[in-house]
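Here is what each chain is made of, one letter per residue.
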Amino acid sequence: SWFSFVVRFVEKMPAYKSTFNEVDANSGCGMLLLPIKSNVKGTAPPAPEGADDIIDEAINYFRANVLFYEFSAEGGADKSLAYLTLFTQQCLVRLDAKGKKKDDATKLMFELSREAFPVPGESGWPLGGQFPSAKSRQEADTVRGWMKHAREELTLRLIERVYNADGTPNKFWM
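Residues numbered from 1 in each chain as written. Predicted model: local features only at pLDDT ≥ 70, side-chain atom pairs only at ≥ 80, totals over all residues. Heavy atoms only, no water.

Chemist: Just to check I follow, could you spell out the environment of Glu 152 for this structure?
Modeler: You can see Glu 152 is positioned in helix α5 (residues 137–162). Taking relative accessible area as the criterion, Glu 152 reaches 6% and is therefore assigned buried. Once the C-alpha coordinates of Glu 152 and Leu 112 are considered, the two residues, 40 residues apart in sequence, prove to be 8.6 Å apart. (Helix = DSSP H or I, 4+ residues; strand = E, 2+ residues; numbered from the N terminus. Buried < 20%, exposed > 50% of the residue type's maximum accessible area, 1.4 Å probe, protein only.)

Here's what the structure looks like:
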């Protein structure tokens, strides 16, 4: 049938990969701790204005990448992208349940970005053994700081994508 053809076709196509795999950046727990365009205070280095960053990739590739059965990371930026894709899904689930208006969504996303979360190697890490554990407490703190900054920036940008100018949900996202 047509549906089974589409499913087989999608399963055989490779997922979108990050364009930042070759970038020279600090790393931790197998992820590249890439620069982020942000007005939020955080530990990530600033990215050049006018160019896409890992947050843009996570949001732009989200709807395509969630259709793939598997995602093989080719570098540290792909692991960062995988984590941010998973966090984007968590955001959308929360917004679908409680964020009917943009103002409510802003509060929900602020709270979600500030919630405690595990880093690779800690109990509750959602991506299992796909990421190496932190080798030291300093590495874990560095990764946690970058992830916190990335989560805060992603929630701000996601709200602008998910909601229309009048504050109603965008039907193509929600």
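Let's pick the thread back up.
Chemist: Please clarify how the side chain of Thr 88 should be interpreted in this entry.
Modeler: Take Thr 88: it is sitting in helix α3 (residues 76–98). Setting aside its immediate chain neighbours within four residues, Thr 88 contacts Phe 62, Leu 154 and Leu 158. (Contact = heavy atoms within 4.5 Å.)

Chemist: Where do I start with the confidence of the model for the protein in this structure?
Modeler: Low pLDDT marks stretches whose predicted atomic positions should not be read closely. Summary statistics for the protein give a mean pLDDT of 87 and a share of 92% for residues scoring 70 or more. The element-level mean pLDDT for the protein is lowest in helix α1 (residues 2–12), coming to 45, with α5 highest at 95. Segment residues 1–11: pLDDT under 50, and three contacts once partners within four positions in sequence are set aside and those in other chains are kept. (pLDDT = per-residue confidence, 0-100.)

Chemist: I keep staring at the pattern of salt bridges and nothing clicks. Help me out?
Modeler: Working definition: two side chains of opposite charge can pair if their charged atoms are close together. If you walk through the whole model with that rule in mind, you get ten salt bridges. Close ionic contact of Asp 53 with Arg 157 constitutes a salt bridge, the shortest N to O distance being 2.8 Å. Taken together, the positions of Asp 53 in the loop between β2 (31–32) and α2 (54–65) and Arg 157 in helix α5 put the pair 104 residues apart, joining distant regions of the chain. A salt bridge links Arg 157 to Asp 56; the nearest nitrogen and oxygen atoms lie 2.9 Å apart. You can see Arg 157 sitting in helix α5 and its partner Asp 56 sitting in helix α2, a full 101 residues away along the chain. Note on accessibility: Arg 157 and Asp 56 belong to one class, buried. (Salt bridge = Lys/Arg side-chain N within 4 Å of Asp/Glu carboxyl O.)

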